Amino acid sequence: MNKLALYCRIGFEKETAAEITEKAAEKGVFGFARVNNDSGYVIFECYQEGEADRLAREIPFNQLIFARQMIVISDLLENLPSTDRITPIIEEYNRLGGLVNLHRTTELFVETADTNEAKELSVFCRKFTVPLRQALKKQGYLAFKEVKKSGLTLHIFFVKPNCCYVGYSYNNNHSPNFMGILRLKFPPQAPSRSTLKLHEAILTFLSPEEERKRMNESMYGVDLGACPGGWTYQLVKRGLFVYAVDHGKMAASLHDTGRIDHCPEDGFKFQPPKRSKIDWLVCDMVEQPIRIAALIAKWLVNEWCRETIFNLKLPMKKRYAEVQNCLQLITNELDKAGFKYHIQAKHLYHDREEITVHISVKK
């Protein structure tokens with residue numbers, strides 16, 4: 001077991017490979033990433049046996065920006081007989097059981113890459129899950145009850161109907177979602193589909209308890225580049241009063257709530273009312289990422305807000321380097337000003353050529 005599989009959005013394989021290579025090196029683990037463009041996944045092969053399992057435990061999954069899921073895998077099982085794919089898979093898990101306690105498993109995901117070509121394969125995966133789960137349970141797998149703090153999830157990652165990787169992930173250091181994707185329904189009352197990006201960000205970066213405590217009717221928010229109000233909708237829905245900053249028109253339904261003040265101003269020039277204590281700044285403006293990073297840093301350093309979620313629209317080339325430059329700019333400014341802060345960044349399912357960043361600060 002010296003390989004990791006990392007799922008990602010198609011077109012972001014190189015960024016995922018660069019990130020896992022860097023994170024592994026920080027742990028003193030070296031290897032190489034196998035990248036197939038537009039495949040929707042990356043295979044990272046460690047030079048030493050057992051190091052993949054250590055990386056799956058020690059690299060905080062929530063610090064990986066581009067990976068949707070991180071699993072330890074065996075070598076590719078090829079030429080699986082169509083009459084019996086289950087037996088070779090169980091044999092592989094029995095072999096792996098000598099390396100890690102797979103009887104502490106709680107769930108089974110039979111998955112494939114998130115690509116158009118894999119849609120037919122995903123239908124097969126759904127049908128195959130039931131008989132495979134039954135067979136695994138007969139072998140004593142999937143019986144462990146503890147989920148959150150311990151235990152593992154089994155993953156079967158099909159790349160073709162007769163080829164799959166057999167693997168697992170740690171429940172306390174993975175995405176709990178099938179294929180690493182948090183799927184959300186579009187609320188018909190929302191003014192635009194961009195609302196799903198902020199909704200996913202809140203669910204990703206905040207626990208339900210944190211959300212209730214830090215997003216409620218006693219708080220104020222600012223939405224820079226708000227029109228037509230997709231992100232404002234998510235804040236108002238949680239009870240915040242929002243200064244919606246944009247020269248464009250806001251949806252009438254948001255005005256009807258009585259919870260917004262439309263400010264027809266430039267998002268780069270707007271400053272919050274002096275008497276208002278702004279709890280949240282959100283921003284989904286289409287602009288050069290380094291300009292957005294500088295703008296966010298200014299808001300945080302000036303203590304105009306305490307917490308922020310924003311998007312960085314990425315260039316076509318050197319995207320990982322651009323992300324690093326932007327985050328470094330912000331952390332440099334916060335360090336210089338003497339702030340304590342918590343920062344997370346993720347390429348969310350509802351993002352496209354962008355990533356979403358969450359930062360909370362205190363002096």
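Since we're looking at a predicted model, the values are computed, not measured.

What counts and how
The written sequence of each chain sets the order in which its residues are numbered from 1. Given that this is a predicted model, residues contribute local features only at a pLDDT of at least 70 and side-chain atom pairs are listed and counted only at 80 or more, while totals for whole chains, interfaces and linings are drawn from all residues. Heavy atoms from the whole structure form the basis of all side-chain values; hydrogens and water molecules are not counted. Working definition: helices are DSSP H or I runs of at least four residues, strands are E runs of at least two. Numbering for both runs from the N terminus. One less than the number of residues in a helix, times 1.5 Å, gives the span that helix is expected to have. Burial status follows relative accessibility: with a 1.4 Å probe on protein chains alone, a residue under 20% of its type maximum counts as buried, one over 50% as exposed, and anything between as partly exposed. We call two residues contacting when some pair of their heavy atoms lies within 4.5 Å. UniProt positions are given in the numbering used here, feature names are shortened, and annotations may be inferred rather than shown by experiment. The pairing criterion is simple: DSSP has to find at least two bridges between the two strands. For helices, the fitted line uses only the C-alpha atoms of the stretch in contact; every axis is such a line through C-alpha atoms, and the angle between N-to-C directions lies from 0 to 180 degrees. Roughly parallel refers to an angle under 35 degrees, roughly antiparallel to one over 145, roughly perpendicular to one between 65 and 115, and oblique to any angle outside these ranges. Residues are grouped as follows: Ala, Val, Leu, Ile, Met, Phe, Trp, Tyr, Cys and Pro are nonpolar; Asp, Glu, Lys and Arg are charged; all remaining types, including Gly, are polar. In this description, a nonpolar core means a group of buried Ala, Val, Leu, Ile, Met, Phe, Trp, Tyr and Cys residues linked to one another through side-chain atoms lying within 4.5 Å. Handedness of a crossover is defined as follows: orient the strands so they point away from the viewer, and if the path from the first strand over the helix to the second runs clockwise, the crossover is right-handed. Surface patches are defined over residues having more than 30% relative accessible area and no salt bridge, joining like charges when they lie within 9 Å and nonpolar side chains (Val, Leu, Ile, Met, Phe, Trp, Tyr) when within 5 Å. Here the open area of atoms and residues is found with the Shrake-Rupley method and a 1.4 Å probe, where only the protein chains shown may cover a residue. A pairing counts as a salt bridge when a side-chain nitrogen of Lys or Arg comes within 4 Å of a carboxyl oxygen of Asp or Glu. With the far helix as reference, a near helix turned anticlockwise by less than a right angle produces a left-handed crossing, and one turned clockwise produces a right-handed crossing. Under this definition, polar contacts are N or O atom pairs within 3.5 Å; protein pairs additionally need one hydrogen-donor-capable and one acceptor-capable atom, and for neighbouring residues in sequence, both atoms have to be side-chain atoms.

Peer 1: Any chance you could explain helix α1 (residues 13–26) here in plain terms?
Peer 2: For the α-helix, the turn length of 3.6 residues means that residues three or four positions removed from each other point alike. Between its first and last C-alpha, α1 extends 20 Å over 14 residues, near the 20 Å set by a 1.5 Å rise per residue. Taken as a whole, α1 has its buried residues at E13, E15, T16, A17, E19, I20, K23 and A24. In this fold, the buried residues of α1 make contact with β1 (3–7), β2 (31–35), β3 (41–46), α2 (51–58) and α10 (319–336).

Peer 1: Teacher, can you tell me more about the UniProt feature "domain: Ribosomal RNA methyltransferase FtsJ" (unreviewed entry) in the chain here?
Peer 2: UniProt records the feature "domain: Ribosomal RNA methyltransferase FtsJ" (unreviewed entry) for residues 192–286 in the present numbering. End-to-end, the C-alpha atoms of residues 192–286 are 15 Å apart, and along that stretch the chain is 33% helix and 19% strand.

Peer 1: Before we go on, may I ask you to explain unusual backbone geometry in this structure?
Peer 2: Negative phi characterises most residues that are not glycine, and trans characterises most peptide bonds. Here the amide bond leading from C227 into P228 is cis, since omega sits at 0°, within 30 degrees of zero. On the secondary structure map, P228 appears in the loop between β8 (220–224) and α7 (230–237). For D38, which is not a glycine, the phi torsion comes out positive at approximately 60°. Locating D38 in the fold gives a position in the loop between β2 and β3.

Peer 1: Which parts of the structure should I look at to understand the sheet that holds strand β9 (residues 241–245)?
Peer 2: The strands that make up a sheet are held in pairs by hydrogen bonds between backbone atoms, and each pair lies either parallel or antiparallel. On the basis of which strands lie adjacent, the open sheet formed by 7 strands has the order β10-β9-β8-β11-β12-β14-β13 and mixed pairing. Both outer strands of the open sheet, β10 (260–263) and β13 (340–346), are each paired with one neighbouring strand and no more. The average angle at which neighbouring strand axes cross in this sheet is 15°, direction not considered. Alignment of β8 against strand β11 (residues 280–283), held across 4 bridges, turns out to be parallel. Residue pairing in the sheet places V222 in a bridge with L281 of β11. Its contacts with the sheet put helix α9 (residues 289–301) on β8, β11, β12 (307–313) and β14 (354–362), and the angle it makes with β12 is roughly 170°. Against the sheet, α10 makes contact with β12, β13 and β14, and its axis sits at roughly 170° relative to β13, the strand it touches most.

Peer 1: Explain the packing of α1 against α10 to me, please; I cannot follow it from the model alone.
Peer 2: How two helices pack is summed up by the angle between their axes together with the distance between the axes. Where α1 meets α10, the axes come as close as 8 Å, and the angle between the chain directions of the two elements is 55°. Judged by the angle between their axes, α1 and α10 are oblique. For the pair α1 and α10, contact is made by E15, A18, E19 and E22 and by R319, Y320 and Q324, respectively. For the contact of α1 with α10, the class distribution of residues is 2 nonpolar, 1 polar and 4 charged.

Peer 1: I would appreciate a short explanation of the nonpolar core in the present structure.
Peer 2: A general feature of soluble globular proteins is that nonpolar side chains tend to end up buried together. By size, the foremost hydrophobic cluster in this structure holds 44 residues, and its most contacted members are L4, Y93 and I156. Take this core: its biggest share by element is 6 residues, from helix α4 (residues 119–138). Non-local contacts of Y93, meaning those with residues more than four positions away in its chain, are made with L102, L136, Y141, L154, H155, I156, V166 and G167. Residues I65, I296, W304 and L314 belong to the second largest nonpolar core, which totals 38 residues.

Peer 1: Looking at this model, I keep getting lost on the pairing of β12. Mind explaining?
Peer 2: In regular strands, side chains alternate between the two faces of the sheet. Burial analysis of β12 places 7 of its 7 residues in the buried class, which makes it a mostly covered element. Alternating residues of β12 divide into E307, I309, N311 and K313 and T308, F310 and L312, and every residue in both groups is buried. Two elements, β11 and β12, share 4 bridges in a ladder whose sense is parallel. Looking across to β12, one finds that L281 is bridged to T308. One crossover worth recording links β11 to the parallel β12 by way of α9, and it is right-handed. Strand direction decides the pairing type here: β12 and β14, joined by 7 bridges, are antiparallel. In the sheet register, K313 faces β14, and the bridge partner there is E354.

Peer 1: Would you explain a nonpolar patch on the surface in this entry?
Peer 2: Residues F30, F32 and Y47 make up a contiguous nonpolar surface patch of roughly 340 Å² in combined accessible area. When you line up the elements, F32 lands in strand β2.

Peer 1: Quick question: what am I supposed to make of the packing of helix α3 (residues 86–96) against α4 here?
Peer 2: The N-to-C vectors of α3 and α4 enclose an angle of 45°; their axes lie 11 Å apart at closest approach. When the axis of α3 is compared with that of α4, the two are oblique. For the crossing formed where α3 meets α4, the hand is right-handed. For the pair formed by α3 and α4, the contact residues are I86, I89, I90 and Y93 on the first element and F128, P131, L132, A135 and L136 on the second.

Peer 1: Just checking my understanding: could you explain the pattern of salt bridges for this structure?
Peer 2: Charged atoms that come close allow side chains of opposite charge to pair. For the coordinates displayed, the defined rule picks out 21 salt bridges. Here E354 ties to K197 by a salt bridge, and the two come within 3.2 Å at their closest N and O atoms. Within this pair, whereas E354 is found in strand β14, its partner K197 is found in helix α5 (residues 195–205), the two being separated by 157 residues in sequence. Using a relative accessible area of 6% as the deciding quantity, one classes E354 as buried. The class for K197 is buried, based on a relative accessible area of 9%. For E353, the salt bridge identified is with R319, shortest N-O distance 2.8 Å. You can see E353 sitting in the loop between β13 and β14 and its partner R319 sitting in helix α10, a full 34 residues away along the chain.

Peer 1: How should the side chain of S39 be read in this particular structure?
Peer 2: Looking at the secondary structure, you find S39 in the loop between β2 and β3. Exposure remark for S39: the relative accessible area of 14% places this residue in the buried category. For S39, the side chain forms a polar contact with the main-chain oxygen of N36, separated by 2.7 Å. Beyond its immediate chain neighbours, meaning those up to four positions away, S39 contacts I10, E13, A113 and T115.

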